[in-house]
Structure formats: C-alpha cells, structure tokens
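Structural characterization, general
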Amino acid sequence: MANELLISQMSNDFMLPEKKLKKLILSAPYRYKVYSIPKRSGKGYRVIAQPAKEVKILQYWIVRNVLCKFVVHDAARAYVKGCGLLSNVSPHCYSKYLMKLDFKDFFYSIKAGDFLSYFSLYKDFGYSDMDIQEMVKILFYARNKGDYCLSIGAPSSPLLSNIIMSDFDKRVVEFCSSRSIVYTRYSDDMTFSMSDSLLRREVFFEIKRLLDIIPYPRLKLNEDKTLFLSKANKRMVTGLVLSNDGRISIGHDKKRMLRSKIYKYTKGHLDVDEVNQLKGMLAYVNSVEPDFICKMKIRYGDLIIF
C-alpha cells in the first residue's frame, strides 16, 4: 500500500476510482493546449502550454498537499505569499550600481529529471518513488518525445520552479553576502545591487560558473538581456523605476498612459474589457505608488477611479 499512498489520497479527496485516476494521470503530460503570444518587448513570441482543466485540478492538489511543505529561499520573490514586485525592487533602492541577469527559456529548462534529483534528497517525506513518478506526470508537460518540462501556464510551475531553484539561490546568496551584494530573483529575472561597480563583472562570471557546476537545473543566461546600470542612467527592475533618492515609481510613460485611459473612461470611451483592465492596472499601481492614485482621486473622484 505504501506505493499507492499518493493515488489513495487523491482518489479519496476527489472521490474518483483509483483506476480512472491513474488513467487520467497517465495522459496528463499530453493534455495541454499550446499557443503563442507576443512578448512584452515586442520581439518574438512566448509559447504558452495551458493544461486541461482536469490536469490543473490535479496540479492544484499537489501544490496544496505536497509542494507547500517545501522551503523556498528568501531570495525568491515571485509567486511567494506576501511578496510581489515591490518586495523584489525595494532591497535595491539605495544601491549605486545594479546588474540584471535573465535566464533563457526558464520554465522549459526545468526538467522532470531536476524534480527527481531534488526529491531524491527527501526519502522520508512520505511518498515512494512510484508516487514521485506519478507527480512527474501531473506536473510536467511533454514538450517533445521524452522531454518533460515545466510549462508556462500550469499553476504548479511557479512554486515548483522556486523549490528546485532553492540550492542555486542559496549558493548565490552565500557568494553575494560575503561581498555586501544584494541579490533577489523574480522568476527568471535576477537583480544584483552593490556599491562598487567592479563587483558586477565578478558576480556575472560567478553566476556563469555556478550554472556550469550545479547538478540541476541546467540553465543558461540570456546574455542579450544582461544590463549594467547605475544612478547615472534609468534604473528599472521588473518594470518599476528606481529614482536616485530611493523612491520606487511606475515611471512617467506608464503614468501618461494611465492618465489617458482614465480620461477616456470619464468620457465613456472604454468598453467593458478595457474598464476591467484599467481597474486591474490601478489596483496594481496603488500597491506600488499610492501617491499617484491619490492625485487621480483628487482630480477625478473616488467613484470614477474605482
């Protein structure tokens, strides 16, 4: 029965016969809708693999009952309860120099083998090797024949990526702490801040060295996105602008765009979808730069804005 623990628990929770559940799990890696959307940069397309509704339900169960028990490193700021863009940016506010690094094809580079390697360290967490193989089928997308990877679109991918990256984050923090460098990671976006500009290249080569020696996951830098920034130029981290006095802003361009949309809304020129999108954007801005929202309320009134 030990080998059937996962199936037994899921079968009981879903009130689904074990035979039917196993059949669903067997087909889960192939039950994805694949489509492309333009990247925000306007250069190329991002491939989304969206799991079928029934597969998503299984993934949510794994998140609530298995993955939630594992520790995510403090450096990880995306997909972490109580964290967000602001928590990723604020540690870097007062540093003179910044470096931004980006992983290439982050989710798709995290493979089922990385999951197996990570969980091989936890033989006493209650699930057998057979259970873990069932989790692989639930959590990983069969991108190509024999290539099981995380997908952009699966609700379990964000947390699982943070778990598998915990050893990498730990090694990076150890290196940076000895040099008074601040490090945070927002999914595939790494930010480093320091007071000495020469440290940026030292960090860059250390990250490349770590990526060569860590056993999993096998990641590569997207070197086209490597940025060295300082107070002499515009410093932007995960879409937010750092001012030289330590303030965090959404930036002048986004404010101009929002003012235009708010004005169009007051004139009745936005459709229902555009209104909902505007409300979502304003809620986000309120969490980052509430002073801007206060000014809009004064100008247009509470009821018009929200």
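To keep things clear, this report deals only with the structure shown in the data block. (Residues numbered from 1 in each chain as written. Predicted model: local features only at pLDDT ≥ 70, side-chain atom pairs only at ≥ 80, totals over all residues. Heavy atoms only, no water.)

**Topic: the packing of helix α11 (residues 252–266) against helix α12 (residues 272–288)**
Between α11 and α12, whose axes approach to 11 Å, the crossing angle comes to 135°. The orientation of α11 with respect to α12, classified from their angle, is oblique. As for the relative orientation of α11 and α12, their crossing is left-handed in sense. Contacts between α11 and α12 involve Met257, Leu258, Lys261, Ile262 and Tyr265 from the first element and Val275, Gln277, Leu278, Met281, Leu282 and Val285 from the second. (Axes fitted to C-alpha atoms, helices over the stretch in contact; angles between N-to-C directions. Helix = DSSP H or I, 4+ residues; strand = E, 2+ residues; numbered from the N terminus. Parallel < 35°, antiparallel > 145°, perpendicular 65-115°, else oblique. Left-handed = near helix turned anticlockwise from the far one by under 90°. Contact = heavy atoms within 4.5 Å.)

**Side note on the packing of helix α9 (residues 166–177) against helix α10 (residues 199–213)**
A pair of packed helices is captured by two measures, namely the crossing angle of their axes and the spacing between those axes. α10 packs onto α9 with a crossing angle of 150° between their chain directions and a minimal axis gap of 11 Å. Here α9 runs over α10; the crossing is right-handed. Along the contact surface, α9 presents Phe168, Arg171, Val172 and Phe175, while α10 presents Glu202, Val203, Glu206, Ile207, Leu210, Leu211 and Ile213. For the contact of α9 with α10, the per-class residue count stands at eight nonpolar, no polar and three charged. (Nonpolar A, V, L, I, M, F, W, Y, C, P; charged D, E, K, R; others polar.)

**Side note on helix α6 (residues 112–119)**
Every buried residue of α6 is accounted for by Ala112, Asp114, Phe115, Tyr118 and Phe119. Along the long axis of α6, the arc covered by the buried residues comes to 160°, so they all point the same way. Where the residues of α6 are buried, they touch α5 (106–109), α7 (129–139), β5 (147–149), α8 (157–164) and α9. (Buried < 20%, exposed > 50% of the residue type's maximum accessible area, 1.4 Å probe, protein only. Arc of directions from axis to C-beta.)

**Re the sheet that holds strand β11 (residues 248–249)**
Spatial strand order, β9-β10-β11: three strands in an open sheet with antiparallel pairing. Edge positions in the open sheet fall to β9 (235–237) and β11, since each of these has one partner strand only. As paired strands, β9 and strand β10 (residues 240–242) are joined by three bridges and run antiparallel to one another. Counterpart to Arg235 in the pairing with β10 is Leu242. (Pairing = 2+ DSSP bridges.)

**A short note on the packing of aromatic side chains**
In this description, a pair of aromatic rings is defined by centroid distance and the angle of the planes. In total, this model carries 12 aromatic pairs according to the counting rule given. Where Phe103 meets Phe106, the ring centres are 5.6 Å apart and the plane angle is 15°; that geometry is what we call stacked. Residue Phe103 is classed as buried on the basis of its relative accessible area, which comes to 1%. Classification of Phe106 as buried rests on a relative accessible area of 4%. (Phe/Tyr/Trp six-rings, centres within 6.5 Å; stacked < 30°, edge-to-face > 60°.)

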